[in-house]
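# Summary of structural features
Single-letter residue listing:
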Amino acid sequence: MLYPFIFRPILKERIWGGRELERLYAKPLPPGKPIGESWEISDRPGDASVIANGPLAGKNLRWLMENHARELLGDAKPAAGGRFPLLCKILDAREKLSLQVHPPANKAVELKGEPKTEIWFIADAAPDASLYVGLKRGVTRADFEKEISDGSVADCFHRIPVRAGDAMFLPSGRVHAIGSDLVIFEIQQNSDTTYRVFDWNRVGLDGKPRELHVAQSLASIDFNDFEPKLVETKFNADGKIQKRPLVNDPLFNVETWKLNSGAGGLLKPKKLQIIAATGGKIEIKSGPISVNLSAGQFCLIPASLERTEVLAKSDAALLRVEAN
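Right, let's walk through the structure included here. (Residues numbered from 1 in each chain as written. Predicted model: local features only at pLDDT ≥ 70, side-chain atom pairs only at ≥ 80, totals over all residues. Heavy atoms only, no water.)

## Observations concerning the overall build of the protein
- The number of helices and strands found in the protein is five helices and 23 strands.
- Here the C-alpha atoms of the protein give a radius of gyration of 20 Å, agreeing with the 20 Å that 2.2 N^0.38 yields for 324 residues.
- Per-residue burial over the protein gives 55% buried out of 324 residues.
- Here the contacts in the protein between residues at least 6 apart in sequence split such that 74% fall between residues at least 24 apart.
- Total accessible area on the protein stands at roughly 14000 Å², and carbon and sulfur atoms take up 49% of it.
- Each charge class in the protein was averaged separately, 44 positive and 41 negative side chains, and the resulting centres sit 4 Å apart. (Helix = DSSP H or I, 4+ residues; strand = E, 2+ residues; numbered from the N terminus. Rg over C-alpha atoms; globule rule 2.2 N^0.38 Å. Buried < 20%, exposed > 50% of the residue type's maximum accessible area, 1.4 Å probe, protein only. Contact = heavy atoms within 4.5 Å. Areas by Shrake-Rupley, 256 points an atom, 1.4 Å probe, with all protein chains shown as cover. Lys, Arg positive; Asp, Glu negative; His and termini not counted. Charge placed at Lys NZ, Arg CZ, Asp CG, Glu CD.)

## Notes on the nonpolar core
- Core analysis: the largest hydrophobic core is formed by 43 residues, its most contacted members being Phe-5, Phe-84 and Leu-300.
- Top element by residues in this core is helix α2 (residues 61–73). It accounts for five residues.
- Setting aside residues up to four positions removed in sequence, Phe-5 forms contacts with Ile-51, Asn-53, Leu-56, Leu-64, Leu-72, Phe-298, Cys-299, Leu-300 and Pro-302. (Core = buried A, V, L, I, M, F, W, Y, C linked by side-chain atoms within 4.5 Å.)

## Notes on the pattern of salt bridges
- Within the structure shown, the criterion is met by 28 salt bridges.
- Between Asp-181 and Arg-94 there is a salt bridge, and its shortest N-O distance comes to 3.5 Å. Here the residue Asp-181 occupies a position in the loop between β11 (176–178) and β12 (182–189), and Arg-94 occupies one in the loop between β5 (86–93) and β6 (99–101), the gap between them amounting to 87 residues.
- By relative accessible area, Arg-94 is classed as partly exposed at 23%.
- Among the charged side chains, a salt-bridge network with shared partners connects Asp-75, Glu-255, Lys-268, Lys-271, Arg-320 and Glu-322. (Salt bridge = Lys/Arg side-chain N within 4 Å of Asp/Glu carboxyl O.)

## Overview of the pairing of strand β15 (residues 241–248)
- Of the strand pairs in this sheet, strand β14 (residues 236–238) and β15 are connected by three bridges, and their pairing is antiparallel. Counted as the bridge partner of Ala-237 is Gln-242 from β15.
- What sits between β14 and β15 in their antiparallel hairpin is a turn of two residues, with Gly-239 showing a positive phi close to 65 degrees.
- Here β15 pairs with strand β16 (residues 252–259) via seven bridges, running antiparallel. Paired with Pro-245 across the bridge in β16 is Glu-255.
- Between β15 and the antiparallel strand that follows it, β16, lie three residues. (Pairing = 2+ DSSP bridges.)

## Some words on α2
- Relative to the 18 Å expected for 13 residues at 1.5 Å per residue, α2 spans just 12 Å between its end C-alpha atoms, considerably shorter than the ideal helical length.
- At Asn-67, α2 is deflected by roughly 90 degrees, the largest bend along its length.
- Those residues of α2 that sit buried are Leu-61, Arg-62, Leu-64, Met-65, His-68, Leu-72 and Leu-73.
- Residues of α2 that are buried in the fold lie against β2 (35–41), β3 (43–44), β4 (47–48) and β21 (298–301). (Expected span 1.5 Å × (residues − 1). Bend = angle between axes of the 7 residues up to and from the residue.)

## A short note on the pairing of strand β19 (residues 281–286)
- Pairing between β19 and strand β20 (residues 289–294): six bridges, direction antiparallel. Across the sheet, residue Lys-285 finds its bridge partner in β20, namely Ser-290.
- Hairpin connection from β19 to β20: two residues lie between these consecutive antiparallel strands, with Gly-287 at a positive phi of about 60 degrees.
- Looking at chain direction, β19 and strand β22 (residues 309–312) are connected through four bridges and run antiparallel. Across the sheet, residue Ile-282 finds its bridge partner in β22, namely Ala-312.

## Concerning unusual backbone geometry
- Non-glycine residue Lys-112 carries a positive phi angle of around 60 degrees.
- Take Lys-112: it is sitting in the loop between α3 (105–108) and β7 (118–125).
- Positioned with a positive phi, Glu-227 is a non-glycine residue whose angle comes to about 45 degrees.
- In this fold, Glu-227 is placed in the loop between α5 (214–220) and β14.
- Take Glu-227: its relative accessible area is 30%, and that puts it in the partly exposed class.

By themselves, these are just geometric observations and shouldn't be taken as functional.
Right, here's the structure in full:
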């Protein structure tokens, strides 16, 4: 019998990272290291999330997929190699990330990579924070290649100011970079293929320039993707919960909820879902099992569960992710 799972975070040191995950979410960061990513739910080779609660504590998501995939996934499709379909992270960008792209499905095999469609939810942002997403209107492939060669390719990118609560959808093939001073919840296809176009002329943790992938990037970029907008949907009342749809994609659906203290609601039955607390405290109940989440924690709801309830223990906000 499966139940709602929480996992131990997998922390990743990054040259552009910092300490905000400790300050905002009390993540147990190793001292003195810039931590840029907390992988909250992962079934990647060498990085399988370990269960932290209940009778299966100590086993990992790879074990669940190998032994209970049908109960876990329901009608959701696994990723290549029979892996869990999604990868969920929290990112702390104290500096800008590289200008990059992920290969679309029709190019990924040829490039020996994996497609990666994702959505960013802005959890915390400095007053002047921004994203770099898509191309400025009118930029051509020839313009882009020329500016790669002379080091000014960042001028080709569409820059978008952002604040907490904003969201941006990034289908594979959309060039992008996260700007500095942002904390982002990232829900993505289970993939770790990134092609770097430009890395701001900096060096990596080893003191050497990080590898660029110009040829692969040029093969992957959608050169008709001009000035995309942030998600523009609005909140609507559903009983005592305010709900806002962020994306409906063949890979996953994501919505954000706002709940006043004491408010609650049922999740979809028989559907693989992930709940990520973005603010406040919530309780997730399924039968005799109860899981408490604080901001910065994720919970995986197996499809085999028939009735799962979310209850706000304080004023709270969350992301509800549904795998397709």
